[in-house]
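Working through the structure, step by step
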Amino acid sequence: MAKRLFRSKWLNEWILFALLAIFINSFMIMKLLTLDLASPHAVAEMIQYSVRWAVPFIFLVTATSALFKLFPNEGFLWLLRNRRYVGLSFAMAMAWQGAFIFIVSSTHSEHYYAEIYLLRDELEGSSGYLLLAAMTLTSFGFFRRRLTPQQWTFLHRAGVYFLWAYPFSVYWWNVFYYQTQHWWDISFYGLGFAAFALRIIAWGQLMTAPPIHWSLHRMIGTGVMVGAFILAASGHLWQPLVSGTLLRPAWSSELELWLPFWPFEPFIPLFMLGVGMRIRLGRTYRQRHLTPELA
Ligand code: HEM
């Protein structure tokens, strides 16, 4: 029954995209009708609103392969098969954001440069849009054929990581620095963290050969991973000290002005999770890594 449902042509490929597009666009239009775009604040509200429709899709795309590796079932296979259409739904919701950014920067340019423009954000956002445009084009055969399979994989992997990192870090700062306490900030932060943590856990699972014995490195690795989860939930406690330390050198505070994400505070718990997983794997990883036929 579930298999038939997930294979139904109404829930796959372009029809799935069309349904998602109708769904997202209906909400966008309904919200638009309640606002007066003559006010720059209304346009900024639409920017936020459209991103909130986009973000779940990029988090889903980030987690899809890991979900299928960890829980191979018909539902996640369906998601894996339709990853392209989920990605295109993200691109479509981001096109709305792009349109509102264009409106605010061209028709309310004073407000834009006084209230919104920041070089670092501009570089981060423009890089995101360039990657998104390249990924969208190369998801079609005509442009895809112009890249080697390795180039295509590199572009799409780097693009997904970047486009995941952008909203993940926005919500991390909202939760731990601005401490907005909005449920949507906390939910998006949690979902973004879960999406990448699942990738790390799936990577660990793939590398682990049964039977699994408890050993010193396994215990240390598990401890580091538990520490990573504690850090992930307590950014407000360590962020001031970590930011202060990392930004103390003049070259580092200089980099912060333009380098996207620098000095990467939101990503520290995930980095630690990856390190913990690596320690946990110990020799298993080396063996599997050196003998690819085992992987
Ligand atoms: C040059 C490109 C971009 C510009 C100028 C821009 C500008 C903005 C502005 C003005 C806001 C509203 C801020 C506020 O009023 O609080 C915003 C929010 C946001 N943008 Fe962008 N953005 C760009 C690209 C991107 C990209 C590529 C992403 C990646 C997904 C992204 C993700 C977000 C997120 C997550 C929010 C927060 C929405 C919320 O409050 O829930 N932006 N952006």
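Residues numbered from 1 in each chain as written. Predicted model: local features only at pLDDT ≥ 70, side-chain atom pairs only at ≥ 80, totals over all residues.

Mapping glutamate 110 onto the fold places it in helix H6 (residues 109–116). Residue class for glutamate 110 comes out exposed when judged on the 8 C-beta atoms lying within 10 Å of it. Sequence separation between glutamate 110 and proline 40 is 70 residues; the distance between their C-alpha atoms is 9.7 Å. (Helix = DSSP H or I, 4+ residues; strand = E, 2+ residues; numbered from the N terminus. Buried ≥ 20, exposed ≤ 12 C-beta atoms within 10 Å, placed from the backbone.)

Looking at the element boundaries, arginine 145 is found in the loop between helix H8 (141–144) and helix H9 (149–176). Accessibility expressed as a C-beta count within 10 Å gives 10 for arginine 145, which makes it exposed. Sequence separation between arginine 145 and glutamate 122 is 23 residues, and the spatial gap between their C-alpha atoms is 31 Å.

So, on to the nonpolar core. The biggest cluster of nonpolar side chains holds 50 residues, and the ones touching the most others in it are Ala54, Ile58, Phe90, Ala93, Trp164, Phe196 and Leu273. Here the element with the most residues in this core is helix H3 (residues 40–70); it accounts for twelve residues. Two domains each put at least three residues into this core: domain 1 (2–181) and domain 2 (208–295). Excluding residues within four positions of it along the chain, isoleucine 58 makes contact with Phe90, Leu163, Trp164 and Pro167. (Core = buried A, V, L, I, M, F, W, Y, C linked by C-beta atoms within 7 Å. Domains from an automatic or database assignment. Contact = placed C-beta atoms within 7 Å.)

In this section: the site of the ligand. The local shell around the ligand holds 17 residues, among which Gln48, Gly125, Gly128, Tyr166 and Pro167 are the closest. Elements with a contribution of two residues or more to the shell around the ligand: H3, helix H7 (119–137) and H9. No other element matches H3, which puts six residues into the shell around the ligand. (Near = placed C-beta within 6 Å.)

An ideal rise of 1.5 Å per residue puts 20 Å on 14 residues; helix H14 (residues 268–281) measures up with 20 Å between its terminal C-alpha atoms. Pro269, Leu270, Leu273, Gly274, Gly276, Met277, Arg280 and Leu281 are the residues of H14 that are buried. The buried residues of H14 occupy one face: seen down the axis, they fall within an arc of 160°. Where H14 terminates, the next one or two residues include glycine 282, which has phi positive at roughly 50°. (Expected span 1.5 Å × (residues − 1). Arc of directions from axis to C-beta.)

We now examine the domain arrangement of the protein. You can read the domains of the protein as domain 1 (2–181) and domain 2 (208–295). Measuring from the centre of the C-alpha atoms in domain 1 to the corresponding centre in domain 2 gives 27 Å. The interface is formed by 13 residues belonging to domain 1 together with eight residues belonging to domain 2. Of all the secondary-structure elements, those providing two or more residues to the side of domain 1 that touches domain 2 are H7 and H9. Element by element, the count of residues in the side of domain 1 that touches domain 2 is highest for H9, at six residues.

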